[in-house]
Amino acid sequence: MAEAAPSSKPTPPKLIPVRVLVPEEPVSARVGDFREVLHAYSKEEAVLEAQRCIQCRRPWCVEACPISQDCREYIRLVAAEDYDGAAKVTLRENPLATCLCKVCYHYCEDACVVKKKGVPIAIRQLKRAALELGASDLVYVPSTPKHQRVAVVGAGPAGMMAAWELGVRGYSVTVFEQERRLGGLMQTIPAYRMTDTDVATDRARFRALDVTFVNGTKVGKDFPVDRLLREDGYQAVLLTLGTPAHRTLGIPGEELPGVLHALDFLRDLNAGTARTVGRQVLVIGGGDVAMDSVRSARRLSHGGQVTLVYRRSRQEMPADPEEVHGAEEEGVVFRFQQAPLRIVGNGRVEGLVVQSMDLGPPDAGGRRQPIPVPGSETTIPCDTVIVAVGQRADLTGFAPELDLKITSQGWPEGKGTGFETGVPGIFATGGRSVVYAMGSAMEVAVAIDAYLAAKRGAAPTARPDPLGGEGTFHLPPGYTVPIRV
Ligand SMILES: Cc1cc2nc3c(=O)[nH]c(=O)nc-3n(C[C@H](O)[C@H](O)[C@H](O)COP(=O)(O)OP(=O)(O)OC[C@H]3O[C@@H](n4cnc5c(N)ncnc54)[C@H](O)[C@@H]3O)c2cc1C
Ligand code: SF4
Ligand code: SF4
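Residues numbered from 1 in each chain as written. Chains lettered and ligands numbered in written order. Predicted model: local features only at pLDDT ≥ 70, side-chain atom pairs only at ≥ 80, totals over all residues. Heavy atoms only, no water.

What follows is about the overall build of the chain. Each helix and strand in the chain was counted, giving 15 helices and 17 strands. Computed over its C-alpha atoms, the radius of gyration of the chain comes to 24 Å, within 12% of the 23 Å expected for a compact globule of 485 residues. With the C-alpha coordinates of the chain rotated into their principal frame, the extents come out at 85 × 75 × 40 Å. Out of the 485 residues in the chain, the part that is buried amounts to 53%. Entry remark: accessible area of the chain is about 21300 Å², with carbon and sulfur atoms responsible for 54%. One way to put it: in the chain the 56 positive side-chain charges average out to a point 2 Å from where the 57 negative ones average out. (Helix = DSSP H or I, 4+ residues; strand = E, 2+ residues; numbered from the N terminus. Rg over C-alpha atoms; globule rule 2.2 N^0.38 Å. Buried < 20%, exposed > 50% of the residue type's maximum accessible area, 1.4 Å probe, protein only. Areas by Shrake-Rupley, 256 points an atom, 1.4 Å probe, with all protein chains shown as cover. Lys, Arg positive; Asp, Glu negative; His and termini not counted. Charge placed at Lys NZ, Arg CZ, Asp CG, Glu CD.)

See below:
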């Protein structure tokens, strides 16, 4: 009998659907203090996990990353045990990599093809492996000085990314920050997820760039923003003001002692000036800030009861599922479909009056609308309430001529091309997560570079290799279009 001709079709790569488990601190140990919950992979674990990546010809993971981090390439290098190479590739596009390898919401993993058959590649955790196993103590190198100065207001992820983008292109950048510490809202992320040292590690790689950070200056209050252009010799200004203020519930009793707002609570906690919490803590909200608040309160309450109150159901909660899972494991109680009506107490908070909610049809954003159930009021006893219902910008001292747009999640943005505001030479942007804020900063830095190049009669500059090599910023082979939402 004649043998069948061999098929000309290439054999598809073998797909391993199960992830190498990320080492975690046991629940019983971690609720006692703020020790780090997730640990790094060992060399062997990292290589095994990296070898699961099938190195797709079209890198879906890279396309989903708001800063186009070439994760496919650093994964390939980890798999080949070239850790120094992997660290270099990681830091080439990502100046906040030490922070992001702990807290990025890993949009890349949602897009990873392996997710169709099992658990996606642990791309964020492999970034951490690249940095911790490879030589990551690198210093960014500026290109030839442009002799043009840029002021950035706000040292959050957007401000730091823009300062890096402009610094490596040879601009002289001053970043004004109202707080004592750098990192913006990353400074409110609890120490069991990331610490000040992570921000400092990333910051240290900036040291050869002409980037100066000026802390403790509130632009708009200490001096008007236009002074930077008119008198101080800056040729462009970027506002990355973010959302440093908290939203309130606007219900009676919110001013009672024992009621805290999440941003203040988390900021004080990281600054070492934490307010105490009682043994019956309620946190109001359903987002990531609420999750950081319940999990922190659980650690501070010495075995007390910590309850999350949310007006919709679990399905509608915007919080990262990993965080919700962590909170559940740590013993946080969830009360869904309960809306706060008033906070009660005699000189201090003693209870929260809530009303049950039914869920109606979805709104424009696809989330089902809460509908009050008449006669369903109850009081939940408590001694501490933490309000985590959103953040907002603080535009004190910024002139209306800037014509800023406030995005749905609260940060101000320029309405013009490249995020230019109503005042020529002043730009503004921000983002809904660390890496999204960095992605918008990438875009705005390109616009600022074009603006400044035109002023000196030159062509815009591509980002040079920030590690001093020959090339310029390039997208990985096979890359098509960014999947940005
Ligand atoms: C508790 C919490 C947990 C979070 N967890 C995560 C997470 O795990 N992963 C993730 O990706 N994202 C997370 N986020 C969201 C993320 O931190 C933000 O999306 C990101 O920091 C936004 O960056 P930004 O630079 O646009 O603004 P911001 O981080 O808000 O930075 C703005 C900076 O501008 C400064 N500033 C404002 N006005 C002035 C002024 N007039 N003068 C001088 N300085 C000024 C502020 O002090 C601040 O430092 C979290 C947010 C919070 C609150
Ligand atoms: S920065 Fe975030 S989204 Fe981008 S590759 Fe890393 S983990 Fe993924
Ligand atoms: S999409 Fe997943 S499998 Fe494909 S290259 Fe990226 S990480 Fe590897």
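Looking now at the nonpolar core. Of all hydrophobic cores here, the largest spans 52 residues; its most connected members are Ile67, Val173, Val175, Met186, Phe213 and Ile448. Only α6 (97-103), β1 (149-153), α9 (157-168), β2 (172-177), β3 (211-215), β4 (236-239) and α15 (434-455) provide two or more residues apiece to this core. For this core, the leading source of residues is α15, giving 12 residues. If sequence neighbours within four positions are ignored, Val175 has contacts with Val152, Gly154, Ala155, Ala163, Val211, Thr212, Phe213 and Val214. (Core = buried A, V, L, I, M, F, W, Y, C linked by side-chain atoms within 4.5 Å. Contact = heavy atoms within 4.5 Å.)

Turning next to the site of ligand 2. In the vicinity of ligand 2, the contacting residues are Cys65, Gln69, Cys71, Leu100, Cys104, His106, Tyr107, Cys108, Arg124, Lys127 and Val435. Listed by contribution, the elements that provide at least two residues to the shell around ligand 2 are α7 (107-111) and α8 (123-133). Here the shell around ligand 2 is composed, by residue class, of 7 nonpolar, 2 polar and 2 charged. (Near = heavy atom within 4 Å. Nonpolar A, V, L, I, M, F, W, Y, C, P; charged D, E, K, R; others polar.)

Turning to unusual backbone geometry, a few remarks are in order. Its identity as a non-glycine residue notwithstanding, Ser68 has a phi of 50°, on the positive side. For Ser68, the location among the structural elements is in the loop between α3 (60-64) and α4 (71-79). Its relative accessible area of 4% is what places Ser68 among the buried residues. You will see that His302, though not glycine, has its phi angle at about 50°, which is positive. Judged by its relative accessible area of 68%, His302 falls in the exposed class.

Around ligand 1, 36 residues are found, and the nearest of them are Val103, Glu177, Leu185, Arg193 and Val219. In the model, an oxygen atom of ligand 1 is placed 2.7 Å from a nitrogen or oxygen of the Arg193 side chain. Gly431 has a polar backbone atom sitting 3.0 Å from an oxygen atom of ligand 1. Across the complex, the protein chains shield 97% of the 1000 Å² of accessible surface that ligand 1 would expose by itself. Put simply, the parts of the chain that give the shell around ligand 1 at least two residues each are α9, β2, α12 (262-271), α13 (288-300) and α15. In the shell around ligand 1, the residues fall into 18 nonpolar, 12 polar and 6 charged. (Polar contact = N/O pair within 3.5 Å; in protein donor to acceptor, adjacent residues only side chain to side chain.)

A few words on the environment of Arg19. Here Arg19 lies in the segment before α1 (27-30). Exposure remark for Arg19: the relative accessible area of 22% places this residue in the partly exposed category. Taking the C-alpha atoms as reference points, Arg19 and Glu177, 158 residues apart in sequence, are found 41 Å from one another. A polar side-chain atom of Arg19 sits 3.4 Å from the main-chain carbonyl oxygen of Ile121.

Moving on to the packing of aromatic side chains. Tallied over the entire structure, the rule returns 9 aromatic pairs. Here the aromatic rings of Phe34 and Tyr192 are separated by 6.2 Å at their centres, their planes lie at 35°, and the arrangement is tilted. Of this pair, Phe34 sits in the loop between α1 and α2 (43-50) while Tyr192 sits in the loop between β2 and α10 (196-204); the two residues are 158 residues apart in sequence, bridging distant segments of the chain. Looking at Phe34, the relative accessible area reads 23%, which means it is partly exposed. Measuring from centroid to centroid gives 6.3 Å for Tyr140 and Phe206, while their planes differ by 80°, and the two rings are edge-to-face. On the criterion of sequence distance, the pair formed by Tyr140 in the loop between α8 and β1 and Phe206 in the loop between α10 and β3 is long-range, its members being 66 residues apart. By relative accessible area, Phe206 is classed as buried at 1%. Cluster of aromatic residues (ring-pair linked, three or more members): Tyr140, Trp164, Phe206 and Phe213. (Phe/Tyr/Trp six-rings, centres within 6.5 Å; stacked < 30°, edge-to-face > 60°.)

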